[in-house]
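Here's the letter readout for the chains.
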Amino acid sequence: MVIYGCEEGTDAVMADQDERMSQEADLSPDIKDWSKHQVREWALKLDSVDDEVAEILFQQDINGQSLLLLDAGDLKTMGVTFGPAKLIIHARDEVVKLKREEPTSSANQPGRPCKPYPFYRYHDTYRYMESSILDITESGASDFIEPCHEYKAFINTTDETKMSKFTDEVIRFAAACMNSCTNGTIHFGIGDKPNFTHGQVLGVAVEDKEAYANELKSAIDGYFEHKHKQAAQICIKPPRFVGVLNKNMTSSDKCVIEVDIVPESVICEENTYHTFNMDTKKAKKKAKGKDADKTETKPSKQFFVRDGGSSRNLLAPTTSAKPMEEYNQFVGSVAQRSQLRKQAEEKHLNVIKSSNQGSRLSQMITGGSLSLDRSHFECYVIVTNKSHSIQLESLGFLVELNPTAVLDFDPESAECGLQKHFDQQSTVTVHLPAQYKITEGVEDIANKLKLTRNTSWVFCNGGIENEAPSDIDQWLMDKGASVRDVISFLCRKDVLPNKRFLVIFLLLSTVSEKMDPLVETFSTFWQELRGTEQILCICDNEKAFTSWEDLIKARCGINISGRCIYELNFAEVNGTILSLLSKNRRSSRFLPCGGGSKVLLEKKVERSLNALQILCMNQCEGGNEDKIVIEENFYKGGKVSWWNFYFSEQPGSTPFIKRDKFDFIENTMIPDLCSLRKACVLFNLLHVPGCGGTTLAMHTLWALRDRFRCAVLRDSNADFSEVADQVVKLLIYDHEEQLPRVPVLLMIDDFDDMERVNDLQKLIEEECAKKNIQSKSAQVILLNCMRSESSEPTESTGDTVFIGNDLSEVEQKQFEQKLVEIEKTHKNAETFYGFMIMKKNFKPEYIQGVVRNTLRSFNKNQKHAQLLAVLVLLNVYCKGASLSVSLCEEFLGLQPKPFCGTAKVEEGFGKFSTLIASSSVEGKVVHKAVKMIHSSIARQCLQDLTTTHNMNKAEITDLLLTTNKLYESTQGKDKLLQDVHHILVKRYYSVEEESQFSPLIQDIASETPGQEEMILLSASKRFDKDAVISQLLARYYYLKKRDFSEAKVWACSARELSKDSSYMADTSAQVIKHELKNAIANYKEVPIAPEKLNMFLKVAQSAIDAFKETQSLAKKESMQRLQTKTDNCPFNTSGCLGEIQVGVLVIEVLGKTPIFSSENVRHDILSKVLSGDIKLQDAESHDQRHNKHRPYYIILRQFEDVLYNLKFRMKMNFDFLDSFFVNLGSRSGMKDSREQVAQNELFRCFKHYAKLFCKTDYTHLSKNKTMYNMLKLHEARQFLEMQKADTYSGILNCLSNETSPEKLEKIARQYEFVCALGQDQTVKERINSIYVHVVLSRIKLESPRIQPYQKLIDLLCQILREQIPLSENLPLHFIAVVLLWPQKHGPIYRSLGRYISQMRTSYHTVMREVYNGKRPIVHFFLGKKQGYERLVHLGEIKRCIMADERQFVCMWENGKLWKEKKVEELLCRVTGEVKSKVILADTFIPDLKVEVAPMFQTQLSGQAEGSKVSFFLGFSMRGPLAFDIN
């Protein structure tokens, strides 16, 4: 903290300095370098100093150096007054002060020290950074091997002179090194004093690198004597161009040119090397044959040697008395120098490394297992910096490690670096550090980042999304905090497995500065991981290591040499790591491609399909997995893996046990499903938990992996739109054009809701349609492995197979044979309870014995016993529940170590370890977990804990809810919270009843009455921000405790937590409704007292208002779901039903008041008041006891709005719900049990409604002849309303609710009367009468009440010509389309297309708010006959095939229904042509075609525009639909 504070303070000073220096930005920071012009410019910019003063300084020739010598007296002498003189002196001193402080400013200081490029190397990835300082001074010969250095800024050159300057300097330096027998490097683009800091990296812009090499080669030939040319060419190495990075680590266009000189003794021997000027040698050639002495007057040759930091010519003219003495002495000592050079070379070669770093690398990267297939580390995090292109080919091991995250500090990585290279071979998700900031649930963030799905590539120094990179000095301030957030996130125990991930610092560039981001990153990881056991550092040379080691020691005070690999180059590192992979991991993987061919599945493609676990043709081949460990886990009760099937096929093994249904599934069901003309078909494998259903499903995939592209859905909670996209990509991978394609067989497991299965199926079909994939046969088969709620055998259908817990004799025999093999290879076979339970055919006695013996030492005060109890409870009440390994380790106090051989978590359970098995959980974060080995074991354990060990369900649940240790930050925390929430909240529904609470809560209430309240209150503390838990408590208090004030508190809390939820609003309304219902039931006095009436009506009004709000929110929710298009949750009808129920209660209350309770007349008055036909004051004026009843009338008038609208609101809700249930069905086709319960309640309420409003007694008025007809008409309408025949939906419902022909005939008779001439009939009633005749014809065609068909058509046409209310558009246009569909030799109705369009418009207008998650019900199909008989109702089709509901729905969904001969004989095939996404259907009218939508869009996929098709035609409120398109 202190360090960061100091740095912030320093930055503040720096910012202030920068601001003060901004005015002098164009001046040199050093005053002594200023000219008199610059002094004037500086003075002109000074505040409060007149321009005349600046001119005086200029006139007096004051430059920078003289300005430094001035004092105030000098300025006064020049004529400057005292005030400005003091200001000038102060301003000058400030500039001097800034210059003195300048080294602390990152903006101006030259840079930090760096090492020179490794000598005599060309392929190292080393690069210089702009303005850094080479920490080697210019030098002469030292030990002959250590190179001397010379720096050339190479800036004051023109294009014409730079090449000669380069060659001259290189030859001069090279000759000096060769004569001095020392290695050396000359650097061009490195500054020197006085203009720059000694060794400052400047860089040179080089356009043509080859030109430098060519010119140097030519120069060597020109400068050296002929006899030494070859030696010089060998000793003078080709120029090297070392890149220069900008301070923010981005590439610049500059480089440093370096030439190495290596005068090896074997080449140079004892020679001396003179050089000649190029023009001298040319002159010699010209003068050949002439007098050579006249060709050149200046010396023709030089002899250079290294003298300190420069090269000196010993043949240069000198004033010395003995000019050649030094030269002669040097030449005389050549032999000695040559010998010393030779000895130095030999000494250098004798330093032979004896390294064991290859084996150390193998140990450290696997945690001691020496196999990456069985590595102790479950995942890897890479931290890396600037890469070089030549390194990339040696980093293939990174792809195989498949790192969870890469923290990349190279801002150009995506453009030309490691990320680009990696992305070509694997799947990455690119992130900025800010995306790791915790702003929501940790696992939600990990899920968004796809952290355990793809490699998260974090750009830690910009380079993407317009994020600018930072200089090294500024990085900590700009980006340090956000990268610390990344590291803290990755090191959380609920993100990556504790002690089971390795952080690899891959130093692709040398880290040489203490402010380098990698140093800070290392420090943060070191602190978060509390040491270096989970850190490995890899660099490819000792210099890079030494620099890194020193920096870490200075920063952290630790020695990291034991965690570093540096003696291997990256090619050797790559080879070592890849050798740790099994042949299986390294081998290519293949998918079937039809006709026995196969296609390579690229690693990048497979990783991009991360929602799927793909089963390849050559799965497991060449693997070295531990057979014993894998088989033991499976036989104990763990989930089967592909390895189990593979091992069973190896020589010496008995085959994997085939269940009886296996051959039937493989040879009959799958081929039948493949023949269906639908893109995605469903196959349900229903199974009793623990009977091997999942194993059978995976066995099926294994057996069919050569014929199908097989995959398993990893996570049942994955985004289904993403899953659908990946499934279709797998389908079309590498054979987009090839037809037919190999279908995808996708196994889905652990779905608890059939609706979600249908959602996935629908999205896959839509994705196929988007990709225009033909469905002449099934393209995707969904193998839905789902647990059955019942253990009773279910009859197999065309898409469903049931696996129960009763083995056949054949299966038992196979288990006995397998047991013989197991006992031979496994010592502890007696603990293989998962296998033995099945072998014993699920005998309860065996299960009881195992549990009793294992739990004998159970002590509920011991931690491992408590953890087992929690796991047992979760497994019994939540399918697939588990506890993460991390959580178990934390709870049990186990300390995992980052190397192999540490205790397994199962061992922490002690003697109970035989009851649990390990598994992998694919949730938001993929993690290892433990679960109970078998559901029957879990159930028996729970029973024994209660009966034998005095630990009941309430106690275990309380332990689960109140033990904070279980909810600390560990992997799987979110999954645990979901499972706990599930067992508290999830209810189960049946047609008979709606369960009030979850099975767990009901069992606790039954076992320990009253304890359930404590449990629910504990749950509210654990889930304090969860609206559903608050809702649960509200329901508990109003249903169970009848404590309505407490219920209101919790309902209010639920509303606060989820303001826009219709379900929470409904709970608030239900509390009020139940309060009213309870109050009425408890009030026994009749008649009701006025004050009680007042109270009842107040509560009723509140309830009605609350239910109206529920309805409003439900409509908003439904519209939002339509916009998202992924939420198929249906419309919440509870608000409508609730308002009806309150209406019934109001009727009951009013019926107990004296003014409405005595005789029939009073009853009729109540009916009229609630219908709004009679005002209360009128009823009071006609009441003979109005004085006595006045208190009641006073109260009733306070609630006039409620009372007058009661019938209207009830009727509106009845009609709305009838329309909803009649016209819209579930997407699965099966009846929804919750809707059945609602409809039963609706029927009960309607009986109360009809009793009041549909049974008025008018006998006392029947003698009045003038009113007789009007009364008869009213009675007829009341009868129709009582039979729900006053709406088209009620009439259509008669087709499916088995209304008797006699009742329908009576309804028809009443409509004849209502619609007779002279009666005041409405348009609605005339339309309804048409519906009645159509429906009656489908139930009793010979009925005399049915009007002739043509007469009905005429009536319909007459209505169509009239003005139609908007509310009647939908029913009118539906029946018009049904009846007016052209028939052979029939009349022509050219408006049919317009009616279809109007019907669709009306459907979307009327039903838009409620049709989300629903499918329109098809009321009629087009048959082959004429008249009424051409309309075929769904019931007639059902009678053709004699199937139960489940079988019928199955045939409907998979299309087999239309292949039934009787159905084909019944229905008429219509032809048409494809146009875009619809069919233009042919009619018997030559030039009339009408639009028909396909029921399944994929049946049109791949059909060319204009292609001819035929289909069966169905009529729904959404419009005509095409089925079985051929």
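Residues numbered from 1 in each chain as written. Predicted model: local features only at pLDDT ≥ 70, side-chain atom pairs only at ≥ 80, totals over all residues. Heavy atoms only, no water.

Quick word on the overall build of the chain
Logical step 1: Tallying secondary structure elements over the chain gives 62 helices and 41 strands in all.
Logical step 2: Taking the principal axes of the C-alpha coordinates as reference, the chain spans close to 160 × 100 × 80 Å.
Logical step 3: For the chain, buried positions account for 55% of its 1526 residues.
Logical step 4: In the chain, of all internal contacts separated by at least 6 residues, the share reaching a separation of at least 24 is 74%.
Logical step 5: Split by element, the accessible area of the chain, about 67700 Å² in all, is 49% carbon and sulfur.
Logical step 6: Taken as two groups, the 195 positive and 203 negative side-chain charges of the chain have centres that lie 5 Å from each other. (Helix = DSSP H or I, 4+ residues; strand = E, 2+ residues; numbered from the N terminus. Buried < 20%, exposed > 50% of the residue type's maximum accessible area, 1.4 Å probe, protein only. Contact = heavy atoms within 4.5 Å. Areas by Shrake-Rupley, 256 points an atom, 1.4 Å probe, with all protein chains shown as cover. Lys, Arg positive; Asp, Glu negative; His and termini not counted. Charge placed at Lys NZ, Arg CZ, Asp CG, Glu CD.)

Overview of helix 34 (residues 863–877)
Logical step 1: End to end, helix 34 covers 22 Å across 15 residues, agreeing with the expected 21 Å (1.5 Å per residue, within 8%).
Logical step 2: Across the 15 residues of helix 34, twelve count as buried, placing the element largely inside the fold.
Logical step 3: Residues of helix 34 that are buried: A865, Q866, L867, L868, A869, V870, L871, V872, L873, L874, N875 and Y877. (Expected span 1.5 Å × (residues − 1).)

Description of unusual backbone geometry
Logical step 1: Note the cis peptide between V1086 and P1087, where omega equals 0 degrees.
Logical step 2: Phi angles above zero are rare outside glycine, and F154 is one such case at about 60 degrees.
Logical step 3: For F154, the position within the fold is in the loop between strand 4 (148–152) and helix 7 (162–180).
Logical step 4: For L370, which is not glycine, the phi dihedral falls at a positive 60 degrees.
Logical step 5: By the element assignment, L370 lies in the loop between helix 14 (357–366) and strand 15 (379–384).

Describing the pairing of strand 31 (residues 916–921)
Logical step 1: As paired strands, strand 31 and strand 32 (residues 927–932) are joined by six bridges and run antiparallel to one another. Within strand 32, the residue paired with I916 across the bridge is M932.
Logical step 2: Adjacent in sequence and paired antiparallel, strand 31 and strand 32 are bridged by five residues. (Pairing = 2+ DSSP bridges.)

Quick word on the nonpolar core
Logical step 1: The biggest cluster of nonpolar side chains holds 165 residues, and the ones touching the most others in it are L883, M932, I937, L960 and L984.
Logical step 2: Looking at which element gives the most residues to this core, the answer is helix 34, with ten residues.
Logical step 3: Excluding residues within four positions of it along the chain, L984 makes contact with L961, S998, I1001, I1015, A1019, F1023, I1029 and L1032.
Logical step 4: Judged by nonpolar contacts, the second largest core, of 133 residues, contains L1093, L1170, L1252 and L1292. (Core = buried A, V, L, I, M, F, W, Y, C linked by side-chain atoms within 4.5 Å.)

Some points on the pattern of salt bridges
Logical step 1: In the structure shown here, the tally under the stated rule is 71 salt bridges.
Logical step 2: Close ionic contact of D1286 with K1211 constitutes a salt bridge, the shortest N to O distance being 2.6 Å. Here D1286 is found in the loop between helix 53 (1265–1282) and helix 54 (1288–1293), whereas its partner K1211 is found in helix 51 (residues 1206–1223), with 75 residues between them in sequence. (Salt bridge = Lys/Arg side-chain N within 4 Å of Asp/Glu carboxyl O.)

Examining the side chain of Q866
Logical step 1: Relative to the assigned elements, Q866 resides in helix 34.
Logical step 2: The exposure class assigned to Q866 is buried, which follows from its relative accessible area of 17%.
Logical step 3: Residues within four places of Q866 in sequence aside, it is in contact with K860, N861, F891 and L959.

Description of the sheet that holds strand 30 (residues 883–884)
Logical step 1: Read across the sheet, three strands follow the order 30-32-31 without closing on themselves; strand pairing throughout is antiparallel. The open sheet has two edge strands with one neighbour each: strand 30 and strand 31.
Logical step 2: Here two bridges tie strand 30 to strand 32, and the two strands are oriented antiparallel to one another. Of the residues in strand 32, the one forming a bridge with L883 is V930.
Logical step 3: On top of the sheet, helix 34 reaches strand 30, strand 31 and strand 32; it is set at about 85 degrees to strand 32, its chief contact. (Axes fitted to C-alpha atoms, helices over the stretch in contact; angles between N-to-C directions.)

Here we look at the packing of aromatic side chains
Logical step 1: All chains considered together, the criterion is met by 55 aromatic pairs.
Logical step 2: Ring geometry for Y1083 and F1096: centres 6.0 Å apart, planes at 80 degrees, overall edge-to-face. Of the two residues, Y1083 is situated in the loop between helix 43 (1062–1082) and helix 44 (1090–1124) and F1096 in helix 44; the sequence distance between them amounts to 13 residues. The pair Y1083 / F1096 is uniform in exposure class, with both members buried. (Phe/Tyr/Trp six-rings, centres within 6.5 Å; stacked < 30°, edge-to-face > 60°.)

Focus on the packing of helix 20 (residues 517–529) against helix 21 (residues 542–556)
Logical step 1: Taken N-terminus to C-terminus, the directions of helix 20 and helix 21 make an angle of 55 degrees; their axes are 10 Å apart at the nearest point. In terms of orientation, helix 20 lies oblique with respect to helix 21. Considering how the two elements wind past one another, helix 20 and helix 21 form a crossing that is right-handed. Within the contact between the two elements, helix 20 uses L518, V519, E520, F522, S523 and W526 and helix 21 uses W548, L551, I552, R555 and C556.
Logical step 2: Grouping the amino acids of the contact of helix 20 with helix 21 by side-chain chemistry returns eight nonpolar, one polar and two charged. (Parallel < 35°, antiparallel > 145°, perpendicular 65-115°, else oblique. Left-handed = near helix turned anticlockwise from the far one by under 90°. Nonpolar A, V, L, I, M, F, W, Y, C, P; charged D, E, K, R; others polar.)

Brief notes about the side chain of D1524
Logical step 1: Position of D1524 among the secondary structure elements: in the segment after strand 41 (1519–1523).
Logical step 2: Polar side-chain contacts of D1524 include one of 3.1 Å to the side chain of K1459.
Logical step 3: Every residue in contact with D1524, bar those within four places of it in the chain, is listed here: W1458, K1459, R1469, Q1499, S1510, F1511 and F1512. (Polar contact = N/O pair within 3.5 Å; in protein donor to acceptor, adjacent residues only side chain to side chain.)

Concerning the sheet that holds strand 27 (residues 744–749)
Logical step 1: Spatially, the six strands line up as an open sheet ordered 24-26-27-28-25-29, and their pairing is mixed. With one partner strand each, in any of the chains shown, strand 24 (612–615) and strand 29 (800–803) form the two edges of the open sheet. Averaged over all adjacent pairs, the angle separating strand axes in this sheet is 20 degrees, with direction ignored.
Logical step 2: For strand 25 (residues 680–687) and strand 29, the ladder comprises four bridges, and the chain directions are parallel. The residue bridging L686 from the neighbouring strand is F802, located in strand 29.

Observations concerning the pairing of strand 17 (residues 428–431)
Logical step 1: In this structure, strand 17 lies alongside strand 18 (residues 455–459), joined through four bridges in parallel fashion. The residue bridging V428 from the neighbouring strand is T455, located in strand 18.
Logical step 2: In terms of handedness, the path from strand 17 via helix 18 (residues 442–448) over to strand 18 forms a crossover that is right-handed. (Right-handed = clockwise from strand over helix to strand, strands pointing away.)

A few points about the confidence of the model for the chain
Logical step 1: Predicted confidence across the chain gives a mean pLDDT of 86, with 92% of residues reaching 70 or more.
Logical step 2: Of the regions scoring below 50 in pLDDT, residues 1–26 engages in 22 contacts with residues more than four places distant in sequence or in other chains.
Logical step 3: Here residues 102–108 is modelled with pLDDT under 50, and outside its nearest four sequence neighbours on either side it reaches 14 contacts, counting other chains as well. (pLDDT = per-residue confidence, 0-100.)

Considering the environment of N853
Logical step 1: Among the structural elements, N853 can be located in helix 33 (residues 844–854).
Logical step 2: With a relative accessible area of 44%, N853 lands in the partly exposed category.
Logical step 3: In the structure, N853 is positioned 151 residues away from I1004 in sequence and 26 Å away in space, judged by C-alpha atoms.

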